[in-house]
Amino acid sequence: MENTTPKIFESEYRFCLILWEKEPVSRSELAAVCKEKLGWSRTTTYTVISRLAARGVLTAEAGAVRSLVSKEEVQRAEMGDLLEKRFEGSLPAFIAAFTKVGKISERDAEEIKRMLEQQ
Amino acid sequence: MITQIFNAVLRTALTSSMLIAAAVAIRFAVSRRAPKSVACLIWAVVALRLALPFEIQTGLSVVPRPAVEAEKQFSGFVSGAGTFEAPAEAAAAAETAIPAYKAAELACAVWIAGAAALLIYAAVNVFLIRRKLAESVPSGGNVRKCDRISSPFVWGLFKPKIYMPFGLDPNTESCVLLHEKAHIKRLDNITKPLWFAVCAVYWFDPLVWISYMLFCHDIEYACDESVCRGKSDEFRRNYGKALFGYSGARFNITFNPAAFGELAVKSRIKRALGFKRAGKPAAFAAAALIVAAAICLATDPVGSAVTAVVPEGEEPVGAVQGPAEADGHLTPEDVTDYNQRLYADSGKKYIVIRLREAKDFIENGTNGKKIGSPLKIWLLNGGGERIGYVYSNTSGYARFEVGNDFFGVCFDGDENYEKSVLYNYINAETLKWNSDCVFDLVIADKSFPRTVVRVTDPNGAPVSGADVRISVRGDRYLYAPVYRTGSDGVAVLPPAVTALKYNFDRPEITVKLYGYTVTRAEVDFYREEYEIQLEW
């Protein structure tokens, strides 16, 4: 499975969730939201913005921060990673593991399958 | 001031060593039987003993009275608590103390450098950890998760939060939470940095570091214990598994937050699995042991009166006990008698300096009061160089052993008293040691007028560079300290009364310039300004 989506760490993902919700958004406004929701200082937010910009996750040009990858892309990439690493790339094994612990319903499983086949 | 604190630290390190040794023994003795939460108290006792500058005296103390050691007491003038029973000790101290004072200052500098290095190390560590935690995200309650840490810990002094890495399995996460909450409840997030601060002060003392390490282990045990108390075997197995996940135990004595499962994992798992409800008798026995240790070892015997750090703003008091009887006063006969005994025994040379308050000295002579606040008295050699110092005791005496190059003492003055010198009255080489070795050093308080001498030439113009000294008439040794006039022709000398050795002396002012000498005999103790005209 092709994977060109940049790697995003957990705390960066929390930040991206806010970005996806608010974009396009100014740096200072983003900093204010992150302070409220994540307890981050302004400098921390700015550091993360520039780091993710360098990694190609977002762009912070012309005063507005915009994402370059969508939430779905990130989720798919993560799932693809998991599939490769833990289920030898086998989709049925992956879904079987989920259904066995009863964490997802038949319908959800079908949906996941459909989503992954769209790739 | 710094040297005084250093002395106090050294003294505390020495006097607390017995307590620490006992603490280690108690800790290992009770560790299997009594609850760890009780065992931890012993470290609180040790930390308090090290951190508190004053000493609590009880009749039950078994700590030996502070023995005199050159390292401990650079002032060199110490004997047993108010008695004359320890001349050999005092002599040994004095022997090494006088040449050792330079070494003392070096040691003090090394001590400060070491403590500063550790504090800087801690500050850098705090900075790095804070930077790591800046990008953590909230995870409900006081829990935050962070990408950049590998094991969970509590961080923050006043608003402690639990920081965890992402991706812990649910079992580990719940165990970790319980453990870290126990830390917060025990206030370990505050006590651990405080302990580290104690270590920074006593960095030269391995016993303190051992205490710190054992303390760090014991707080982990205590938290494991409070989590596992009354829980099922299954819970304990799970808890042990969670600990096992962090078994990358490393041996460190660094300044680190109370991290989950970094210390002594194997033995902790063993304890967690085999944890039995500690019996109440065992807990009481352990507590009793600790209280006993605190009373007998963390306090000082009554009358040891070793006070090193006095309330701020005051001149620190050296641990000095001189020839003083129980009531704090001593007649000259006592001193002489003591000296006779002493010299007969040891063949060593001792000098006793008696500090006399100027006004009282003029009025009452040698039988008056002594200055009871300890003052730093410098010892001078034949070349007038400072070769060491002693602190006077609360009875106004300073006693020390001297060599043949000893020629005098001086006092530099402080916020209460003017400076004073006693020089060349004391010639150690020629003194008769069995009688005449008590000398008065007259010290004037600040209300006493200084001697301001203005020197003019025959035309009345001010003369600069003239040597002015104040001494006693007929003094064979004209070695009183010299003061030079400035461009305004003025030299400011200490109060004339400080030139006195006996109250029937008459001091005089001598001015010297290019071999011309002018002496003025009528010197009044209470007069400040004098004008002396040179005649060519």
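What counts and how
Residues numbered from 1 in each chain as written. Chains lettered and ligands numbered in written order. Predicted model: local features only at pLDDT ≥ 70, side-chain atom pairs only at ≥ 80, totals over all residues. Heavy atoms only, no water. Helix = DSSP H or I, 4+ residues; strand = E, 2+ residues; numbered from the N terminus. Contact = heavy atoms within 4.5 Å. Buried area = accessible area lost by both parts, 1.4 Å probe. Salt bridge = Lys/Arg side-chain N within 4 Å of Asp/Glu carboxyl O. Polar contact = N/O pair within 3.5 Å; in protein donor to acceptor, adjacent residues only side chain to side chain. Expected span 1.5 Å × (residues − 1). Core = buried A, V, L, I, M, F, W, Y, C linked by side-chain atoms within 4.5 Å. Buried < 20%, exposed > 50% of the residue type's maximum accessible area, 1.4 Å probe, protein only. Disulfide = S-S within 2.5 Å. Arc of directions from axis to C-beta. Phe/Tyr/Trp six-rings, centres within 6.5 Å; stacked < 30°, edge-to-face > 60°. Lys NZ or Arg CZ within 6 Å of the ring centre and 35° of its normal. Pairing = 2+ DSSP bridges. Axes fitted to C-alpha atoms, helices over the stretch in contact; angles between N-to-C directions. Patch = residues over 30% accessible without salt bridge, like charges linked within 9 Å, V, L, I, M, F, W, Y side chains within 5 Å. Areas by Shrake-Rupley, 256 points an atom, 1.4 Å probe, with all protein chains shown as cover. pLDDT = per-residue confidence, 0-100. Parallel < 35°, antiparallel > 145°, perpendicular 65-115°, else oblique. Left-handed = near helix turned anticlockwise from the far one by under 90°. Nonpolar A, V, L, I, M, F, W, Y, C, P; charged D, E, K, R; others polar.

(A) Local environment of the overall build of chain B. The helix and strand tally for chain B stands at 13 helices and 20 strands. By sequence separation, contacts in chain B at least 24 residues apart represent 68% of the contacts at least 6 residues apart.

(B) Quick look at the interface of chain A and chain B. At the junction of the two partners, chain A supplies twelve residues and chain B supplies eight residues. Between chain A and chain B lies a buried interface of about 860 Å² when both sides are counted; carbon and sulfur atoms form 50% of it. Taken as a group, Glu10, Ser11 and Arg14 of chain A account for 45% of the area that chain A buries against chain B, more than any other trio of residues on that side. Where chain A touches chain B, the interface holds one salt bridge. Taking the shortest distance from any N to any O, the salt bridge between Arg51 of chain A and Glu135 of chain B comes out at 2.3 Å. In this assembly, chain A and chain B are joined by six residue pairs in polar contact (both at pLDDT 80 or more). Broken down by secondary-structure element, the contributors of at least two residues to the side of chain A that touches chain B are helix 1 (10–22), helix 2 (27–38) and helix 3 (42–54) of chain A. No other element matches the four residues that helix 1 of chain A contributes to the side of chain A that touches chain B.

(C) Summary view of helix 3 of chain A. With 13 residues, helix 3 of chain A should reach 18 Å at 1.5 Å per residue; the first-to-last C-alpha distance of 19 Å fits that figure. Phi turns positive, to about 80°, at Gly56 of chain A, one or two residues after helix 3 of chain A.

(D) Molecular detail of the nonpolar core. Residues and elements named next belong to chain B. Ranked by size, the top nonpolar core spans 43 residues in total, and within it Trp43, Val46, Trp195, Val208 and Tyr212 carry the most contacts. Looking at which element gives the most residues to this core, the answer is helix 8 (residues 206–228), with eight residues. Excluding residues within four positions of it along the chain, Trp195 makes contact with Trp43, Val46, Ala47, Leu50, Val208, Ser211, Tyr212 and Phe215. Of all hydrophobic cores here, the second largest spans 27 residues; its members include Ile470, Tyr483, Val497 and Ile509.

(E) Summary view of the state of the cysteines. For the structure shown, the criterion picks out zero disulfides over all chains. Just so you know, Cys175 of chain B is unpaired, no disulfide at all, and the nearest cysteine sulfur is the one on Cys228 of chain B, 8.0 Å from it.

(F) Spotlight on helix 2 of chain A. Under the 1.5 Å per step criterion, the end-to-end length of helix 2 of chain A is 15 Å for twelve residues, consistent within 8% with the ideal 16 Å. Regarding helix 2 of chain A, the residues found buried are Leu30, Ala31, Val33, Cys34 and Leu38 of chain A. Projected down its long axis, helix 2 of chain A shows its buried positions confined to an angular sector of 165°, all on one face. Residues of helix 2 of chain A that are exposed and angled more than 90 degrees away from the buried face: Lys35 and Glu36 of chain A. Buried residues in helix 2 of chain A make contact with helix 1, strand 1 (25–26), helix 3 and strand 3 (64–67) of chain A together with strand 2 (137–138) and strand 3 (143–146) of chain B. Once helix 2 of chain A ends, the next one or two residues include Gly39 of chain A, with phi positive near 75°.

(G) Main features of the packing of aromatic side chains. Residues and elements named next belong to chain B. Under the defined criterion, the tally for this structure stands at 16 aromatic pairs over all chains. Here Phe448 and Tyr526 contribute two aromatic rings whose centre-to-centre distance is 5.2 Å and whose plane-to-plane angle is 35°, an arrangement assigned as tilted. Pair noted here: Phe448 is in the loop between strand 13 (438–443) and strand 14 (451–456) and Tyr526 is in the loop between strand 19 (516–520) and strand 20 (529–533), with a separation of 78 residues, a long-range link. Relative accessible area serves as the criterion here: at 43%, Tyr526 is assigned to the partly exposed category. An aromatic cluster is defined as three or more aromatic residues linked by ring pairs; in this entry it consists of Trp195, Phe196, Trp209, Tyr212 and Phe215. Between Lys376 and the ring centre of Tyr389, over which it is positioned, the NZ or CZ distance is 4.2 Å.

(H) Representation of the pairing of strand 8 (residues 376–381) of chain B in the model. All names here are of chain B. Most of strand 8 is tucked away: five of the six residues are buried. Pairing between strand 8 and strand 9 (residues 386–391): five bridges, direction antiparallel. The partner of Trp378 across the bridge, within strand 9, is Tyr389. In this antiparallel pair of consecutive strands, strand 8 and strand 9, the connection spans four residues, and Gly384 shows a positive phi of 80°. Pairing of strand 8 with strand 11 (residues 406–411), which is carried by five bridges, proceeds in the antiparallel orientation. Pairing of Ile377 across the sheet is with Phe411, part of strand 11.

(I) Structural detail: the sheet that holds strand 20 of chain B. All names here are of chain B. Spatially, the three strands line up as an open sheet ordered 17-14-20, and their pairing is mixed. Where the open sheet ends on each side, the last strands, each with one partner, are strand 17 (490–493) and strand 20. Ignoring which end each strand starts from, the neighbouring axes of this sheet average 25° apart. Inspection of the sheet shows strand 14 paired to strand 17 by four bridges, in the antiparallel sense. The residue of strand 17 that forms the bridge with Val452 is Val492.

(J) Geometry of the sheet that holds strand 1 of chain A. Residues and elements named next belong to chain A. A sheet is described by the order of its strands in space; here three strands give the open sequence 1-3-2, paired in antiparallel fashion. Each of the sheet's edge strands pairs with one partner strand only, and the pair in question is strand 1 and strand 2 (58–59). Alignment of strand 1 against strand 3, held across two bridges, turns out to be antiparallel. By the bridge assignment, Val25 is partnered in strand 3 with Val65. Helix 1 contacts strand 1, strand 2 and strand 3 of the sheet and is inclined by roughly 105° relative to strand 3.

(K) Region of interest: the pattern of salt bridges. Residue and element names in this part refer to chain B. Tallying each qualifying case throughout the model produces 14 salt bridges over all chains. Between Asp360 and Arg356 there is a salt bridge, with its nearest N and O atoms 3.2 Å apart. Each member of the pair, Asp360 as well as Arg356, carries the same accessibility label: buried. Arg454 is the salt-bridge partner of Glu531, the closest N and O atoms lying 3.1 Å from each other.

(L) The arrangement of a nonpolar patch on the surface in detail. A cluster of nonpolar side chains, namely Ile120, Val124, Phe127 and Leu128 of chain B, defines an oily patch on the protein surface of about 380 Å² accessible area. Residue placement: Leu128 of chain B occurs in helix 5 (residues 87–133).

(M) Region of the structure containing the confidence of the model for chain B. Residue and element names in this part refer to chain B. Per-residue confidence for chain B gives a mean pLDDT of 73; residues scoring 70 or more make up 70%. The low-confidence segment residues 303–333, where pLDDT is below 50, has 73 contacts with residues more than four positions distant or belonging to other chains. Residue range residues 339–345 is modelled with pLDDT below 50. Its contacts to residues more than four positions away, or to other chains, number 15 contacts.

(N) Region of the structure containing the packing of helix 1 of chain A against helix 2 of chain A. Residue and element names in this part refer to chain A. Orientation of helix 1 relative to helix 2, taken along the N-to-C sense of each, is 130°, at an axis distance of 11 Å. Relative to helix 2, helix 1 is oriented oblique. In terms of crossing hand, the pair formed by helix 1 and helix 2 is right-handed. Only Leu30, Val33, Cys34, Lys37 and Leu38 of helix 2 make contact with helix 1, whose side of the interface consists of Arg14, Phe15, Ile18, Leu19, Glu21 and Lys22. Of the residues contributing to the contact of helix 1 with helix 2, the split by class is seven nonpolar, no polar and four charged.

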